[in-house]
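This is what each chain is made of:
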Amino acid sequence: MDVESCAAPEAVSVDWRGRPCRPDRHGGMRAAVFVLGIQAFEIMAIAAVGNNLITYVFGEMHFPLSQAANVVTNFVGTIFLLSLLGGFLSDSYLGCFWTMLTFGFVELSGFILLSVQAHLPQLKPPPCNMASMDGGCEQAGGIKATIFFVALYLVALGSGCLKPNMIAHGADQFAGGTPDGAKRLSTYFNSAYFSFCAGELVALTALVWVQTHSGMDIGFGISAAAMAAGLVSLVSGAAFYRNKPPQGSIFTPIARVFVAAFTKRKQICPSSSSNSVTAGACDPANLAGNFRHANKFRFLDKACIRAAQQGPNTKPESPWRLCTAAEVQQAKTLLAVTPIFACTIVFNTVLAQLQTFSVQQGSAMDTSLPPGSSFRIPPASLQAIPYAMLLALVPAYELLLVPLMKRVTGTRSGITPLQRIGVGLGTVAFSMVAAATVERRRRDAAAPMSVLWIVPQFLVFGVSEMFTAVGLIEFFYKQACAGGMQAFLTALTYCSYAFGFYLSSVLVSLVNRVTASRGGGGGGGWLGDNDLNKDRLDLFYWMLAALSVLNFFCYLLCARWYNSGSDGSDAASSGQVAADGDGKEVS
C-alpha cells in the first residue's frame with residue numbers, strides 16, 4: 001500500500017460549527033501550529049513528572065528502589081496503553097478536538113492533586129534518607145498511597161487519551177490526497193517531533209531543576225500551569241481546524257469481517273487469479289488497485305463471498321454475513337501491521353531504563369559540572385542532552401537528508417517509514433552497550449566518576465528515537481486513513497511504549513528472582529538492593545543489548561513479509577511496488 005497516497009477525503013472535514021471546511025480558511029500549518037502548541041506544553045508537563053518521578057517515589061514516598069522503578073514504568077506504561085481508549089473515543093464518538101479538551105482537564109486535575117500532596121506534610125511519610133536508613137524508612141501506605149496513585153493515574157488517563165489525538169488532529173489539517181499535501185504531512189510529523197523535543201528539553205532542564213531545588217510541590221504546580229497553557233493553545237485554534245467527524249464504532253466493521261468469515265468458513269475461496277478482495281469477484285464494492293496484503297490472511301476473503309441466490313424474493317444478506325471488500329482490506333491491514341508493532345516493544349523497554357535506572361546511575365556519580373565545581377546537575381536532566389541535540393538534528397534531517405534521499409530513492413519522504421523504523425531499531429543496542437560499559441567502569445572506579453560518562457547512552461538513544469518514533473507514527477497514520485482509524489492506529493505507537501514499559505517491569509522482577517536464587521548481585525539479585533554498588537546493573541544492560549540485536553533481526557523479517565506484494569513476491573527486493581495510489585512509495 002502506498003502510504004503516501006492514502007488520505008482522508010476533503011469532503012469529510014468540517015469546521016467547529018459542523019459546516020464544510022473552506023481550503024482558504026481551515027487546515028494547513030496555520031491550524032496545526034495550535035496543535036503543536038498543546039503538544040509542546042503537554043509533553044513539558046508530563047515529562048517533568050515522569051522523568052523525575054523515581055526520585056519522588058524513592059526519596060519522599062519511600063518505596064524500595066526496584067519497586068519505585070516499577071511504579072514509574074507501570075505509570076508510563078498505563079499512559080501509553082490508555083492511548084488506545086483515546087483513539088477509540090475520538091474515531092468513534094467524540095472527534096479529536098473534544099477528546100483532547102475533555103481529557104486535558106482530567107490531566108490538569110491530576111497535576112493539581114499531585115502538587116497538593118507534595119506540599120502537605122500530612123499526606124506524605126516522615127522525611128527519611130532511604131540510602132542511609134537501610135530499609136528503616138516508613139513507606140507511604142493507606143490514604144497517603146491512595147491519594148498518590150489516584151493523582152498519578154488521573155494524569156495517566158488524561159495524558160494517554162490526549163497523545164494519539166494530538167498527532168492525528170494535527171495531521172488531519174494536511175489530509176488532502178494531493179502530492180503537495182502528502183509532502184507537507186511528512187514535514188508535519190517531523191515538526192511534531194521537534195515540538196516534542198522542545199517540550200522535553202524544557203521539562204528536563206528548567207522544570208527538573210525547579211523540582212530539585214524548590215521542591216516537588218512547586219515542580220508539580222508548574223506542570224499544572226504548563227498543561228493549562230496547552231489547553232489555551234488548543235482552544236485558540238478552534239476556528240481554524242479541519243475536524244474529522246466520528247464514524248461510529250470503528251471496531252464494528254472489523255468484527256463483522258471475522259464473524260462473516262467464520263460463518264462462511266466452509267465456503268471455498270476463489271483462486272488468486274480472481275481474488276475476492278482485489279478483483280471484486282464476489283463483492284462489487286471493491287477498491288481499485290493492487291492491494292499488497294491480498295494473499296495474506298486468505299481466510300478473511302470468505303467474508304465477502306456471496307451466498308447463492310435462492311429465488312427472486314431472497315432477502316439481501318446481513319452485513320454480519322456479507323462484508324465489503326473495503327472492510328476486508330481494513331481488517332487485513334490491521335492484522336498486517338501487528339508484527340511491526342510487536343517489534344518496537346523491546347526498543348521501548350530500553351527507553352524505560354533511561355528513565356529509571358540510568359537516573360539512579362547518575363545519582364551515584366559525581367554530578368558537579370564542571371567536575372569539582374559547586375554547581376550540580378540533577379541526574380534526571382541528563383535526559384535533556386539528546387533532545388537538545390535533536391533540536392538541531394530534526395531540522396537537518398528535514399532540510400538536508402530528506403532532499404538527498406529523495407534523489408537516491410525517488411520517494412517523497414526520502415526514506416520510507418519502515419526503513420526509518422529499521423534504522424532506529426538497528427542502533428538502539430549501542431545505547432545499552434554504552435550504558436553497560438560505563439556502569440562496569442563506575443563500579444570498579446576508586447573515586448566517583450563524572451556524570452558526563454553516561455551522556456553517550458542518552459545520545460545514541462536520542463538518535464534511535466528520532467528514526468523509530470517518527471517513522472512508526474507516520475507508518476500507522478498512513479495505514480489508517482482509508483478506514484477512518486487515524487487516532488486509533490496512531491495510538492498503537494503509544495501502545496508499543498506501554499508494552500515496552502510493562503516488559504521492563506516484568507524483566508526487572510524476573511531477573512531479580514532468577515539471579516537471587518543463584519546468588520547474583522548482593523544476594524537479592526542483580527537489581528535487588530537499593531545500592532547500585534551492590535547491584536549488577538551492568539549485566540542487566542548487557543542482557544537488554546542482546547535482546548535489542550535479536551529484536552532487530554526479527555524486525556527485518558517482519559518488514560520483508562509486510563512489504564511482500566500481492567503476487568507473493570517481496571516488493572522491496574523485486575523492485576515492484578504494490579500501491580493503492582500513485583505507486584511512489586512502499587511502506
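Heads up: the structure comes first, above all this text.
First, a word on what this report is: a plain description of the structure on this page. (Residues numbered from 1 in each chain as written. Predicted model: local features only at pLDDT ≥ 70, side-chain atom pairs only at ≥ 80, totals over all residues. Heavy atoms only, no water.)

### Observations concerning the overall build of the chain
Each helix and strand counted, the chain has 19 helices and 0 strands in total. Here the chain holds 587 residues, and 56% of them are scored as buried. When contacts within the chain are restricted to residue pairs at least 6 apart in sequence, long-range pairs at least 24 apart make up 82% of them. As displayed, the chain has an accessible area near 22,600 Å², and 65% of this comes from carbon and sulfur atoms. (Helix = DSSP H or I, 4+ residues; strand = E, 2+ residues; numbered from the N terminus. Buried < 20%, exposed > 50% of the residue type's maximum accessible area, 1.4 Å probe, protein only. Contact = heavy atoms within 4.5 Å. Areas by Shrake-Rupley, 256 points an atom, 1.4 Å probe, with all protein chains shown as cover.)

### A word on the environment of G104
Note on placement: G104 falls in helix α5 (residues 96–119). Look at G104 and you get buried, because its relative accessible area is 0%. Distance in space between the C-alpha atoms of G104 and A228 is 8.3 Å, their sequence separation being 124 residues. With residues up to four places along the chain from it excluded, the contact list for G104 reads L162, M227 and L231.

### Here we look at the pattern of salt bridges
Scanning the model with the defined rule gives 10 salt bridges in all. In this structure, the salt-bridge partner of E60 is K124, at a minimum N-O distance of 3.1 Å. Highlighted residues: E60 in the loop between α2 (53–59) and α3 (65–81) and K124 in the loop between α5 and α6 (130–133), separated in sequence by 64 residues. For K124, a relative accessible area of 17% gives the class buried. Residue E439 is joined to R442 by a salt bridge in which the shortest nitrogen-to-oxygen separation is 2.9 Å. Here R442 and E439 lie together in helix α15 (residues 417–444), a separation of 3 residues that amounts to about one turn. By the burial criterion, E439 is buried, and R442 matches it. Each of R440, D444, R536 and D538 takes part in a single network of salt bridges with overlapping partners. (Salt bridge = Lys/Arg side-chain N within 4 Å of Asp/Glu carboxyl O.)

### Looking at the nonpolar core
Core analysis: the biggest nonpolar cluster contains 154 residues, and I340 and F540 have the highest contact counts within it. Apart from the residues lying within four places of it in its own chain, the contact partners of I340 are L418, I421, L472, F475, Y555, C558, A559 and Y562. (Core = buried A, V, L, I, M, F, W, Y, C linked by side-chain atoms within 4.5 Å.)

### Focus: helix α7 (residues 142–172)
The end-to-end C-alpha separation of α7 is 45 Å, in line with the 45 Å expected for 31 residues at 1.5 Å each. A large share of α7 lies buried, amounting to 23 of its 31 residues. (Expected span 1.5 Å × (residues − 1).)

### Section: a nonpolar patch on the surface
Together, Y93, L94 and W98 line one region of the surface with nonpolar side chains, adding up to about 350 Å² of accessible area. Mapped onto the elements, W98 comes out in helix α5. Under the relative-accessibility criterion, W98 is labelled exposed at 52%. (Patch = residues over 30% accessible without salt bridge, like charges linked within 9 Å, V, L, I, M, F, W, Y side chains within 5 Å.)

### Here we look at the environment of S195
For S195, the position within the fold is in helix α8 (residues 179–214). Put simply, S195 and L391 are 196 residues apart on the chain and 8.8 Å apart in space, counted from C-alpha to C-alpha. Non-local contacts of S195, meaning those with residues more than four positions away in its chain, are made with L36, Q39, A40 and I43.

### Description of the side chain of R536
Its location among the elements puts R536 in the loop between α17 (486–517) and α18 (537–562). The buried category is assigned to R536, whose relative accessible area is 18%. In terms of polar contacts, R536 uses its side chain to reach the side chain of D538, at 2.9 Å. (Polar contact = N/O pair within 3.5 Å; in protein donor to acceptor, adjacent residues only side chain to side chain.)

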